[in-house]
Protein chains: 2
Amino acid sequence: MIRLGRRRPAAPRRGGGEQPKVVRIALGDLRPDTDALLGRVAYLKLALFESASAVAGRATDLADREAITRVAAVVLEQHTALSSMIEARGHSSAAAMHPFTADIDRYRRRLADSGWHESVLTLHLSAGLLDGFFAGLAAGLPEPEAGRVVEILQRDIGHDALVAVLQAGLAADKRLASRLALWGRRLVGDTLLVARAALADVRDAAGQPASTEERRIEPILNDLIAAHTRRMDRLGLTA
Amino acid sequence: MIRLGRRRPAAPRRGGGEQPKVVRIALGDLRPDTDALLGRVAYLKLALFESASAVAGRATDLADREAITRVAAVVLEQHTALSSMIEARGHSSAAAMHPFTADIDRYRRRLADSGWHESVLTLHLSAGLLDGFFAGLAAGLPEPEAGRVVEILQRDIGHDALVAVLQAGLAADKRLASRLALWGRRLVGDTLLVARAALADVRDAAGQPASTEERRIEPILNDLIAAHTRRMDRLGLTA
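Residues numbered from 1 in each chain as written. Chains lettered and ligands numbered in written order. Predicted model: local features only at pLDDT ≥ 70, side-chain atom pairs only at ≥ 80, totals over all residues. Heavy atoms only, no water.

### Considerations on the overall build of chain A
What counts here: Secondary structure counts use DSSP, requiring at least four H or I residues in a row for a helix and at least two E residues in a row for a strand, with both numbered from the N terminus. Each residue is assigned to one of three classes by its accessible area relative to the maximum for its type, calculated with a 1.4 Å probe on protein chains only: buried under 20%, partly exposed between the two thresholds, exposed over 50%. In what follows, residue pairs with any heavy atoms lying within 4.5 Å of each other are defined as contacts.
The number of helices and strands found in chain A is nine helices and two strands. Listing each helix as α and each strand as β along chain A from the N terminus yields β-α-α-α-α-α-α-α-α-β-α. Residues classed as buried in chain A amount to 56% of the 239 residues present. A separation of at least 24 residues holds for 81% of the contacts in chain A among residues at least 6 apart in sequence.

And the structure:
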């Protein structure tokens, strides 16, 4: 069983591949509820898949559309893999996802109706932050679930392709940088709320919800924000 | 090499599995252009995938949404398989698809903004008709392309699931039948235009476009309409 370490990560890495790293949550005794975590992440992936295909469909360049469709395909595979895990546990995946639809739909609505490049940035940052967060949280599940969920969430959805699309946009339009910097700052708050909401399903050794103690959540949130800042840095954007 | 037969099919089969059958095009000497056919069908699948994910995203029932997402996943795999074939031939799939975007986008726009059940019917009927048509046409490609494209287009995208969703809707709302019957009749004309447009890429033995002779196209269109009528029959709808 992969244990949640108490140690904070070493110096944050800059640049390089955008594969989600497991955020080492600095809480040693969290016990996420397996069904809740699977249902929540499966629905998140379904929602992210739909967003990704909608972003692909709005691309004006056919090569960008193909690239983002490939991202959608990986996210769909993640959803399907999580759904299969739910069904292997004897539940219907629709029923398992249902409790989490309202929160995640609200999140999507808040980030809808943006410009196209903003939506690409949303895919990149939101998937980056939430994959990292949920992989860290999933490490506290019992085995074999822990290993499988971590593996699913560590798959590279194609962040380099998203970064390339964004960099091409930034190179072509000098005003885009300030728009995207603003969007990234707005986005992070809403995305952290999605992560925080999941802590309601997590109990500590004393059976208390992990979300009741602000102090204990802080290191988790700090790690997520640090990783977010590195993603913004890579694009040359102020976080 | 699979040859296009001159024989018309035997008596049309009723009901049963909805896997696309190869329409035996009653033209013995058609030579579709490989790159054009691959580019056209790859784009059609990309467009159909985006439609399917949008339909899934609009489902009010989470189980329906999952079922239609699974359809979208198969269509996406078809697109990806065709894209890979294009790239294996040394072309960019975006460039190969580009000439066909305008026609297919126009088709999608004409069928957009319908009710949700109408959109599900569109997926079922449009994929059914066009998979059957293009599998028949692809049989006239050289090998190994013929066999591979036919295999890709004969995959079951999940028609039974779409039929089940439609049947549940028809059972719940008595007025839906007349709306869907009307929609199916409207849809078939637009869909046949998409099929006809592809005949512009096809030459006969004399090097003439196959689409120039109305008389020669007629048997193809008749077969497609017969298969369409069987799909409508299965739903209890008047074609």
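Still more ground to cover, so stick around.
### With respect to the side chain of serine 83 of chain A
For serine 83 of chain A, the location among the structural elements is in helix H2 (residues 62-88). Once residues within four sequence positions are removed from consideration, serine 83 of chain A is found in contact with Ser93 of chain A together with Glu66 of chain B.

### Considerations on the relation of the copies chain A and chain B
Here is the rule: All copies are superposed by least squares; the fitting set is the C-alpha atoms of residues with a pLDDT of at least 70 in both.
If you rotate chain A by 180° and push it 0.0 Å along the axis, it lands on chain B with an RMSD of 0.0 Å. As the rotation angle and translation indicate, the two copies are arranged about a two-fold axis. Both copies present the same face, since 100% of the interface residues in chain A are matched by interface residues at the equivalent positions in chain B.

### So, the interface of chain A and chain B
Accessible area lost upon the coming together of the parts serves often as the stated size of an interface. For clarity, the cut-off: Once two parts are brought into contact, the accessible area they lose, counted with a 1.4 Å probe and summed over both, makes up the buried area. Counted as salt bridges are all cases of a side-chain nitrogen of Lys or Arg within 4 Å of a carboxyl oxygen of Asp or Glu. Distance and chemistry together define a polar contact, namely a pair of N or O atoms within 3.5 Å, with one atom able to donate a hydrogen and the other to accept it when in protein, and with adjacent residues in sequence counting only for side-chain atoms on both sides.
Across the boundary between the two partners, chain A contributes 25 residues, which contact 25 residues of chain B. Carbon and sulfur atoms make up 62% of the area that chain A and chain B hide from each other, which totals about 1,700 Å². It is Leu62, Arg65 and Glu66 of chain A in chain A that bury the most area against chain B; as a group they hold 33% of the surface buried on that side. Inspection of the chain A/chain B interface yields two salt bridges. Among the ionic pairs, glutamate 50 of chain B bridges to arginine 65 of chain A, the shortest N-O distance being 3.0 Å. There are nine residue pairs in polar contact (both at pLDDT 80 or more) connecting chain A and chain B.

### Focus on the packing of helix H1 (residues 34-57) of chain B against helix H2 (residues 62-88) of chain B
All names here are of chain B. Stated precisely, the cut-off is as follows: The convention used is that axes are lines fitted to C-alpha atoms, helices contributing only their stretch in contact, and that angles between N-to-C directions extend from 0 to 180 degrees. Working definition: roughly parallel below 35 degrees, roughly antiparallel above 145 degrees, roughly perpendicular at 65 to 115 degrees, and oblique for all remaining angles. Less than a right angle of anticlockwise turn of the near helix away from the far helix marks a crossing as left-handed, whereas a clockwise turn marks it as right-handed. Three categories are distinguished: nonpolar for Ala, Val, Leu, Ile, Met, Phe, Trp, Tyr, Cys and Pro, charged for Asp, Glu, Lys and Arg, and polar for the others, with Gly belonging to the last.
At a minimum axis distance of 8 Å, the contact between H1 and H2 shows a crossing angle of 160°. Judged on the interaxial angle alone, H2 and H1 are roughly antiparallel. Pair H1 / H2 crosses with left-handed handedness. For the contact of H1 with H2, the residue count by class is 16 nonpolar, six polar and two charged.

### Re the pattern of salt bridges
Under the defined criterion, the tally for this structure stands at 24 salt bridges over all chains. Among the salt bridges present, the one from arginine 234 of chain A reaches aspartate 160 of chain A, with a minimum N-O distance of 2.9 Å. Remark: aspartate 160 of chain A occurs in helix H7 (residues 159-172) and arginine 234 of chain A occurs in helix H9 (residues 214-234); sequence separation between them is 74 residues. According to the relative accessible area criterion, aspartate 160 of chain A is partly exposed, its value standing at 40%. Two residues, arginine 110 of chain B and aspartate 190 of chain B, come together in a salt bridge whose shortest N-O distance is 2.8 Å. With arginine 110 of chain B in helix H4 (residues 101-111) and aspartate 190 of chain B in helix H8 (residues 176-198), the pair connects residues that are 80 residues apart, well separated along the chain. For arginine 110 of chain B, a relative accessible area of 44% corresponds to the partly exposed category. When its relative accessible area of 8% is taken as the criterion, aspartate 190 of chain B is described as buried. Each of Asp35, Arg89 and Glu145 of chain A takes part in salt bridges that share partners, so that together they form one network.

### Topic: the packing of aromatic side chains
Selection rule: A pair of aromatic rings is counted whenever rings of Phe, Tyr or Trp (Trp by its six-membered ring) have centres within 6.5 Å, and the orientation is called stacked for planes under 30 degrees apart, edge-to-face for over 60 and tilted otherwise.
Scanning the model with the defined rule gives three aromatic pairs over all chains in all. Centre to centre, the rings of phenylalanine 49 of chain A and phenylalanine 49 of chain B are 5.9 Å apart; their planes meet at 50°, and the pair counts as tilted. Taken together, the residues span two chains, with phenylalanine 49 of chain A in helix H1 (residues 34-57) and phenylalanine 49 of chain B in helix H1. Arranged with centres 5.0 Å apart and planes meeting at 75°, the rings of phenylalanine 133 of chain A and phenylalanine 134 of chain A form a pair that is edge-to-face. The pair phenylalanine 133 of chain A / phenylalanine 134 of chain A is uniform in exposure class, with both members buried.

### Quick look at the nonpolar core
Most often, soluble globular proteins keep nonpolar side chains buried together rather than apart. Operational definition: Grouping buried Ala, Val, Leu, Ile, Met, Phe, Trp, Tyr and Cys residues that are joined through side-chain atoms within 4.5 Å yields what is termed a nonpolar core.
One finds Phe133, Phe134 and Leu137 of chain A together with Phe133, Phe134 and Leu137 of chain B to be the most contacted residues of the largest nonpolar core, which totals 160 residues. Aside from chain neighbours lying at most four places away, what touches phenylalanine 134 of chain A is Leu37, Arg40, Val41, Leu44, Leu153, Val194 and Ala198 of chain A.

### Regarding the packing of helix H7 (residues 159-172) of chain B against H8 of chain B
All names here are of chain B. The contact between H7 and H8 brings their axes to 8 Å, and the two run at 135°. Here H7 lies oblique to H8, going by the angle between them. Here H7 contributes Leu166, Gly169 and Leu170 to the contact with H8, which in turn contributes Leu176, Ala177 and Leu180.

### Some remarks on the environment of isoleucine 68 of chain A
Residue and element names in this part refer to chain A. Relative to the elements of secondary structure, isoleucine 68 occurs in helix H2. With a relative accessible area of 1%, isoleucine 68 lands in the buried category. Taking the C-alpha atoms as reference, isoleucine 68 lies 9.8 Å from histidine 159; in sequence the two are 91 residues apart. Look past the residues within four positions of isoleucine 68 in its chain and what remains in contact with it is Ala52, Val55, Ala56, Trp116, Val120, Leu123 and Leu162.

### Concerning the environment of leucine 182 of chain B
Residues and elements named next belong to chain B. Tracing the sequence through the fold places leucine 182 in helix H8. Note on leucine 182: relative accessible area 55%, which makes it exposed. Separated by 55 residues in sequence, leucine 182 and leucine 237 have C-alpha atoms that sit 9.1 Å apart.

### Things to note about the side chain of glutamate 145 of chain B
Mapped onto the secondary structure, glutamate 145 of chain B falls in helix H6 (residues 145-154). Ignoring any residue separated from it by four or fewer positions in sequence, one finds glutamate 145 of chain B in contact with Thr34, Met85 and Arg89 of chain B.

### A word on the confidence of the model for chain A
All names here are of chain A. Counted only if it meets this: Each residue carries a pLDDT score, the predictor's own confidence in it, on a scale running from 0 to 100.
Summing up the model confidence of chain A, the mean pLDDT is 85 and the portion of residues at 70 or higher is 82%. The secondary-structure element of chain A with the lowest mean pLDDT is strand E2 (residues 202-203), recorded at 73, while H7 shows the highest, at 96. Scored below 50 in pLDDT, residues 1-16 shows 35 contacts in the model against residues more than four places distant or in partner chains.

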